[in-house]
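Structure assessment
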Amino acid sequence: IKSSETIEGVVTLGRLRNDPAHYIVDGQHRIEAFKLSEIAEAFSDVRVVSFTSMSEMADEFVRLNSSIAKMRPDDILRGLEESTPALKAIRKSCEFVGYDQIRRGKASPVVSMSALLRCWGAAGYETPASSSSGLSAAGLAQSIDQVSLQNLIAFLAVAHSAWGRDPEYHRLWSNLNLALCMWLWNRLVIDRDRIGSKRYIVLNIPEFKRCLMSLSAEKDYLDWLQGRNLNDRDRSPCYSRIKGVFARRISADTDKKPTLPAPAWASK
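To keep things clear, this report deals only with the structure shown in the data block. (Residues numbered from 1 in each chain as written. Predicted model: local features only at pLDDT ≥ 70, side-chain atom pairs only at ≥ 80, totals over all residues. Heavy atoms only, no water.)

1. Quick look at the overall build of the chain
Secondary structure summary: the chain contains 11 helices and 5 strands in total. By the compact-globule yardstick of 18 Å for 268 residues, the chain is too spread out, its C-alpha radius of gyration being 26 Å. Here the C-alpha coordinates of the chain stretch approximately 90 × 40 × 35 Å along the principal axes. Within the chain, the proportion of its 268 residues that are buried is 41%. The long-range fraction of contacts in the chain, counting pairs at least 24 apart against all pairs at least 6 apart in sequence, stands at 64%. Only carbon and sulfur atoms are counted for the fraction: they give 52% of the accessible area of the chain, which is about 15100 Å². Side chains of the chain give 37 positive and 31 negative charges; the mean places of these two sets differ by 8 Å. (Helix = DSSP H or I, 4+ residues; strand = E, 2+ residues; numbered from the N terminus. Rg over C-alpha atoms; globule rule 2.2 N^0.38 Å. Buried < 20%, exposed > 50% of the residue type's maximum accessible area, 1.4 Å probe, protein only. Contact = heavy atoms within 4.5 Å. Areas by Shrake-Rupley, 256 points an atom, 1.4 Å probe, with all protein chains shown as cover. Lys, Arg positive; Asp, Glu negative; His and termini not counted. Charge placed at Lys NZ, Arg CZ, Asp CG, Glu CD.)

2. Quick notes on the side chain of E81
Considering the arrangement of structural elements, one finds E81 in the loop between α3 (73-80) and α4 (85-93). Residue E81 is classed as buried on the basis of its relative accessible area of 16%. With residues up to four places along the chain from it excluded, the contact list for E81 reads L87, K88, R91 and Y99.

3. Focus: unusual backbone geometry
At N18, a residue that is not glycine, the phi angle is positive and equals roughly 65°. Tracing the backbone shows N18 in the loop between β1 (6-16) and β2 (23-26). Since its relative accessible area comes to 79%, N18 is described here as exposed. Phi at R103 is positive, roughly 55°, even though this residue is not glycine. With respect to the secondary-structure elements, R103 resides in the loop between β4 (97-98) and β5 (111-112).

4. A short note on the pattern of salt bridges
Applying the stated rule across the entire model yields 17 salt bridges. The partner of R91 in a salt bridge is E81, with the nearest N and O atoms 3.3 Å apart. With R91 in helix α4 and E81 in the loop between α3 and α4, this residue pair connects regions lying 10 residues apart in the sequence. Overall, the relative accessible area of 32% leaves R91 in the partly exposed class. Its salt-bridge partner being D253, residue R210 comes within 3.2 Å of it at the nearest N-O pair. Linking R210 in helix α9 (residues 205-216) with D253 in helix α11 (residues 232-254), this pair joins segments that are 43 residues apart in sequence. Each member of the salt-bridge network shares a partner with another, and the members are R47, E60 and R63. (Salt bridge = Lys/Arg side-chain N within 4 Å of Asp/Glu carboxyl O.)

See below:
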C-alpha cells in the first residue's frame, strides 16, 4: 500500500435506512493495513450497498468472504490463450489438447494444456520431475521459445498419430509416460549431437513413431501405468519399461542392438 498508494480490490461499505453511518462489510484488513502504512491517502475502489437490515448486511458479509471455487491451472490458461501465442499455436495444431472434459469421450481432448506444458518443461531437464521447471503452467506457456514450441507440436503430432484417442490408450497420455517419451524425443530425435559420451542411437520421426506404437501394443505396460505418477518411485521403473520396448522395436527393424540413454536417475 505504501509503495503504490493503492488499496487493492474493492472495499464494500454498507448503509442502513435512516442510519447515517457507513459500515465496513468487506475490506477490514486492507483498511487497517492502510492505517498502519501511515500515509496520508490512497486510492481505492469503494462499493456502497444499501441494506434493509443488519441481518441482510451480515448475509452480504458471509457471501463476500465465503471461499470461491479455486481457479484451476487450465482455467487460467484458457483465459491467457488469446494473449499467448504458444497456447494459440498448440490449440490450432493439436485439437486433441484442451482445458476441460479430458478423456470424457471419443471427441474429447486426451491431454490437458497444463499437464502438457508441465510434462514438456520436465522433459527439458536431465532428471524429469513434476517440479523440474519451478514455473507454473502459465509461466511455462509464456516462456517457451519458438524452437521449443515447434518441437513440442511435432512430438504431439507423432504421439497422436501413434496412440490416437482410443480409450484403451488413454494411460499413454498420463504425465508419467508422456514426460518420459518427451524426454526421449528430445534426446533421440531433436538432439543429434553424439560427440563425447553421447553414444546412443539417433532416430528419425518415423522410427520414433514406430517405437511409440509399440508402447501401445504392450498390454502389461498399459496395465502397469494405472495409478503411476511422475515421481522418484515410479520414474525409474517406467523408464526401464519404455527403454525395453524401444530397444526391442529398433532391434526388430534394424537387426542391430541399439544403445539408448542410461541416465543416473534410471538406475535408482
